[in-house]
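What the coordinates show
Single-letter residue listing:
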Amino acid sequence: IGASLFASNIGSGHFVGIAGTAAAGGIAIGGFEWNVIFILIHIDKWEALKVSSKTNHGCKRFGGQRIRIYLSVLSLFLYVFTKISADMFSGAIFINQALGLNIYLAVILLLMITALYTVTGGLAAVIYTDTLQTVIMLVGSFILMGFAFNEVGGYEKFQEGFMNAVPSVTTNISAECYEPRADSFHIFRNAITGDLPWPGLVFGLTIQAGWYWCTDQVIVQRCLSAKNLSHVKGGCILCGYLKLLPMFLMVFPGMISRILYADVVACVDPDECKKYCGASVGCTNIAYPKLVVDLMPNGLRGLMLSVMLASLMSSLTSIFNSASTLFTMDIYTKIRRSASEKELMIAGRVFILVLIGVSIAWIPVVQSAQSGQLFDYIQSITSYLTPPVAAVFMLAVFCKRVNEAGAFFGLTIGLCIGLCRMIAEFAFGTGSCVTPSKCPTIICGVHYLYFSIILFVISCIIIVGISLMTKPIEDKHLYRLCWSLRNNEEERVDLEQDDWVDNNNSMDIEGNQQNDSINTHIHTHQRLFLNALVSSIAEPEEEPGFCKKAVMCFCGLEQKKAPKLTPEEEEELQKKLTDTSEMPLWRNVVNANAIILLCVAVFLHGFFG
């Protein structure tokens with residue numbers, strides 16, 4: 001679980017984006033990864049509530065369909081804007097630097113390899129390959145870090161060299177555009193003049209981290225696949241330990257790349273940049289790939305190519321799997337309420353193909369956004385669109401007075417405010433230090449991390465205000481969905497029932513459990529999972545032809561029909577899948593590790609602050 005959480009989050013976008021932003025501005029970008037640790041140790045709180053994601057919790061917590069559909073559609077848009085397109089672009093950059101292939105040809109080749117085992121293997125294949133790829137990523141990255149520090153002569157020479165790393169071609173451009181920042185080796189930077197101001201890093205980034213790590217479907221799927229609550233906690237803590245590493249494996253090597261290849265990585269003249277990387281706004285994105293291609297010996301260069309491809313495919317497989325689930329269960333079932341399992345599987349596969357096409361078309365925008373710094377682009381889009389979701393989820397859990405009307409209008413008004421900023425930024429262009437954006441200061445002058453804080457506060461005020469002016473939700477609908485009612489054992493009357501019925505009747509694990517605290521998606525996932533689980537003991541049907549086998553394999557459909565479970569078997573499986581009890585020994589082990597992890601994180605923030 002821990003390895004899969006880490007690998008699903010760390011894609012080639014991190015290697016390229018974090019190293020690139022570090023080459024441009026120093027170590028502060030490493031604080032983005034460390035901030036996550038304080039959120040990771042709280043994910044199990046949602047497990048204790050027996051909720052799984054923003055769409056599922058929203059459906060049970062508020063009722064109605066409009067919030068659930070809104071959140072699913074928003075997630076799919078974010079997958080396109082910040083995940084799929086960014087990961088494909090960053091992976092293609094690496095292949096372009098290493099092999100000289102056209103960037104779009106590289107994207108197509110990567111997608112073909114990734115799709116091969118994603119659509120045929122499902123979630124289990126994704127998690128097992130994540131674990132292997134995490135090992136490859138860590139080993140390869142540690143080796144490259146060693147070569148990089150050896151090349152510059154140690155940490156002290158590294159600090160000195162970075163502050164003097166300027167390009168030779170500067171023409172008449174202002175020195176502030178190409179000289180390293182004076183605060184390059186500080187995480188916490190000036191609240192007004194800093195490129196990543198410390199209040200934004202501490203508070204604004206926490207809002208984004210809360211949205212991603214507590215509500216994102218990719219992360220939720222990994223946690224739900226754990227055997228018990230202790231495994232969820234242990235996986236999250238292991239992921240937290242692994243999140244300590246990007247500062248050393250990505251940030252420092254990116255900065256060293258600037259020292260070794262200042263004319264290329266730190267280029268500032270638009271014509272020079274265009275020649276080196278095809279983007280006039282800057283070439284910091286090629287910092288990590290160039291370090292690999294030029295510094296590593298032949299055999300190890302191949303290993304690092306594997307690292308980048310592994311991280312790319314790991315992220316893409318996770319996203320494709322989760323996007324397919326969101327589309328089929330939250331959107332397609334509204335159009336086709338009586339769709340069979342086979343139809344849902346096929347619809348999910350086709351939707352992935354559409355998602356890929358849109359993402360490829362978006363790559364040129366990613367290439368030139370935020371002065372060519374990929375990670376800043378990803379974080380800025382997240383800051384504009386996700387704070388209202390984080391506000392709704394937090395208030396839904398901790399404030400039982402919040403109702404559906406408040407949540408929906410908080411989401412929609414917050415989205416409108418965020419879209420105004422995002423659309424204006426793309427319309428006027430994000431610009432660069434050499435050619436600043438023409439976007440009016442009143443719209444684009446506020447740093448995106450500060451904008452995230454402002455939007456979060458506005459959303460909270462709207463949600464609470466409208467909820468207080470409208471009818472509250474009765475407690476009988478909120479048992480085990482709010483923190484104050486988390487331990488209530490009374491039967492809950494759900495506001496919303498499962499709206500997809502398995503018309504194959506191969507297995508209906510809901511039975512009389514509709515009012516249990518487990519949510520709609522888990523019912524559906526359990527049904528699909530248990531069908532696969534018991535299919536091995538079913539009697540085989542007539543052998544299908546080759547073409548039918550190929551189609552069935554692509555769509556992830558079983559060749560055998562699962563037998564119907566008895567009510568006693570269904571009840572026993574339901575208990576296992578919803579149990580959140582822990583063994584005292586392992587509860588103490590994971591809690592102790594959580595405290596140790598927090599202490600290490602606080603120390604590192606203080607040391608590099």
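About the thresholds
- Residues numbered from 1 in each chain as written.
- Predicted model: local features only at pLDDT ≥ 70, side-chain atom pairs only at ≥ 80, totals over all residues.
- Heavy atoms only, no water.
- Helix = DSSP H or I, 4+ residues; strand = E, 2+ residues; numbered from the N terminus.
- Buried < 20%, exposed > 50% of the residue type's maximum accessible area, 1.4 Å probe, protein only.
- Contact = heavy atoms within 4.5 Å.
- Axes fitted to C-alpha atoms, helices over the stretch in contact; angles between N-to-C directions.
- Parallel < 35°, antiparallel > 145°, perpendicular 65-115°, else oblique.
- Nonpolar A, V, L, I, M, F, W, Y, C, P; charged D, E, K, R; others polar.
- Expected span 1.5 Å × (residues − 1).
- Bend = angle between axes of the 7 residues up to and from the residue.
- Patch = residues over 30% accessible without salt bridge, like charges linked within 9 Å, V, L, I, M, F, W, Y side chains within 5 Å.
- Areas by Shrake-Rupley, 256 points an atom, 1.4 Å probe, with all protein chains shown as cover.
- Salt bridge = Lys/Arg side-chain N within 4 Å of Asp/Glu carboxyl O.
- Core = buried A, V, L, I, M, F, W, Y, C linked by side-chain atoms within 4.5 Å.
- Phe/Tyr/Trp six-rings, centres within 6.5 Å; stacked < 30°, edge-to-face > 60°.
- Lys NZ or Arg CZ within 6 Å of the ring centre and 35° of its normal.
- Disulfide = S-S within 2.5 Å.
- Left-handed = near helix turned anticlockwise from the far one by under 90°.
- Polar contact = N/O pair within 3.5 Å; in protein donor to acceptor, adjacent residues only side chain to side chain.
- pLDDT = per-residue confidence, 0-100.

1. Description of the overall build of the protein chain
Along the protein chain, the regular secondary structure elements total 27 helices and 0 strands. Taken across its 609 residues, the protein chain has 57% of its residues classed as buried. Summarising the internal contacts of the protein chain: among those between residues at least 6 apart in sequence, 81% fall at separations of at least 24.

2. Quick look at the packing of helix α10 (residues 198–215) against helix α19 (residues 374–385)
Where α10 contacts α19, the two axes come as close as 10 Å, and the packing angle between them is 80 degrees. By the angle class used here, α10 and α19 are roughly perpendicular. In this structure, α10 uses Leu 205, Gln 208 and Trp 211 to contact α19, whose residues at the interface are Gln 379, Thr 382 and Ser 383. Of the residues contributing to the contact of α10 with α19, the split by class is 2 nonpolar, 4 polar and no charged.

3. Let's talk about α10
Because each turn of an α-helix spans 3.6 residues, side chains separated by three or four positions in sequence point in the same direction. Taking 1.5 Å per residue, 18 residues should reach 26 Å; α10 reaches 25 Å between its end C-alpha atoms and fits that length. At Leu 205, α10 shows its largest kink, close to 30 degrees. For α10, the tally of buried residues reaches 14 of 18 residues, placing the bulk of the element in the interior.

4. So, a nonpolar patch on the surface
Together, Leu 105, Ile 108, Leu 109 and Met 112 line one region of the surface with nonpolar side chains, adding up to about 370 Å² of accessible area. With respect to the helices and strands, Ile 108 occurs in helix α8 (residues 103–152).

5. Brief notes about helix α1 (residues 2–9)
Extensive coverage of α1 is indicated by the burial of 8 of its 8 residues. Within α1, the full set of buried residues consists of Gly 2, Ala 3, Ser 4, Leu 5, Phe 6, Ala 7, Ser 8 and Asn 9.

6. Details of the nonpolar core
Core analysis: the biggest nonpolar cluster contains 154 residues, and Ile 27, Phe 32, Trp 213, Val 251, Phe 252 and Met 255 have the highest contact counts within it. Residue contributions to this core peak at 17 residues, all from helix α7 (residues 66–99). Setting aside its immediate chain neighbours within four residues, Met 255 contacts Ala 22, Ala 23, Gly 26, Ile 27, Phe 158, Phe 162, Ser 184 and Phe 185.

7. Observations regarding the packing of aromatic side chains
To describe a pair of aromatic rings, you give the distance between the ring centres and the angle between the ring planes. Across all of its chains, the model carries 23 aromatic pairs by this definition. Here the aromatic residues Trp 34, Phe 149, Tyr 155, Phe 158, Phe 162, Phe 185, Phe 248, Phe 252, Phe 603, Phe 607 and Phe 608 are joined through ring pairs into a cluster of three or more. Over the ring of Phe 408 we find Arg 66, and its NZ or CZ is 4.0 Å from the ring centre. In this structure, Arg 258 packs its charged tip against the face of Phe 162, placed 5.6 Å from the ring centre.

8. With respect to the environment of Phe 248
Residue placement: Phe 248 occurs in helix α13 (residues 246–260). C-alpha separation for the pair Phe 248 and Gly 30, spaced 218 residues apart in sequence, amounts to 8.7 Å. Those residues in contact with Phe 248 that lie beyond four places of it in its chain are Trp 34, Met 145, Pro 253 and Phe 608.

9. As for the pattern of salt bridges
As enumerated under the stated definition, the model contains 12 salt bridges in all. Measuring nitrogen to oxygen at the nearest pair gives 2.8 Å for the salt bridge that ties Asp 294 to Lys 290. Here Lys 290 and Asp 294 lie together in helix α16 (residues 287–295), a separation of 4 residues that amounts to about one turn. Given a relative accessible area of 40%, Asp 294 falls into the partly exposed group. Classification of Lys 290 as buried rests on a relative accessible area of 16%.

10. Examining unusual backbone geometry
In this structure, Thr 171 takes a positive phi of about 45 degrees despite not being glycine. Here Thr 171 is to be found in the loop between α9 (155–163) and α10.

11. Considerations on the state of the cysteines
Applying the stated rule across the entire model yields 2 disulfides. Two residues share a disulfide in this structure: Cys 267 and Cys 273, whose sulfurs sit 2.2 Å from each other. Between Cys 267 and Cys 273, the disulfide has an S-S torsion of 125 degrees and is therefore right-handed. Not engaged in a disulfide, the cysteine Cys 420 finds its nearest cysteine sulfur in Cys 416; these two sulfurs lie 6.8 Å apart. Cys 399 supplies the cysteine sulfur nearest to Cys 460, a cysteine that is in no disulfide, at a spacing of 9.9 Å. On the basis of relative accessible area, Cys 460 is assigned to the buried category, the value being 15%.

12. Thoughts on the environment of Thr 215
With respect to the helices and strands, the residue Thr 215 is situated in helix α10. Taking relative accessible area as the criterion, Thr 215 reaches 1% and is therefore assigned buried.

13. Here we look at the packing of helix α20 (residues 387–398) against helix α21 (residues 404–428)
Between α20 and α21, the least distance of the axes is 8 Å, while the angle of their chain directions is 165 degrees. Viewed along their axes, α20 and α21 adopt a mutual orientation that is roughly antiparallel. For α20 against α21, the interelement crossing comes out right-handed. Along its contact with α20, which presents Pro 388, Val 389 and Val 392, the element α21 presents Ala 407, Gly 410, Leu 411, Gly 414 and Leu 415.

14. Details of the side chain of Asn 9
As for its placement among the helices and strands, Asn 9 is situated in helix α1. For Asn 9, a relative accessible area of 11% puts it in the buried group. Of note is the side chain of Asn 9, whose polar atom sits 2.4 Å from the side chain of Lys 243.

15. A few points about the confidence of the model for the protein chain
The predicted coordinates of low-pLDDT regions are not to be read in fine detail. Of all residues in the protein chain, 79% attain a pLDDT of 70 or more, and the chain-wide mean is 78. Across residues 500–540 the pLDDT falls below 50, and counting only partners more than four positions away or on other chains, this stretch makes 112 contacts in the model.

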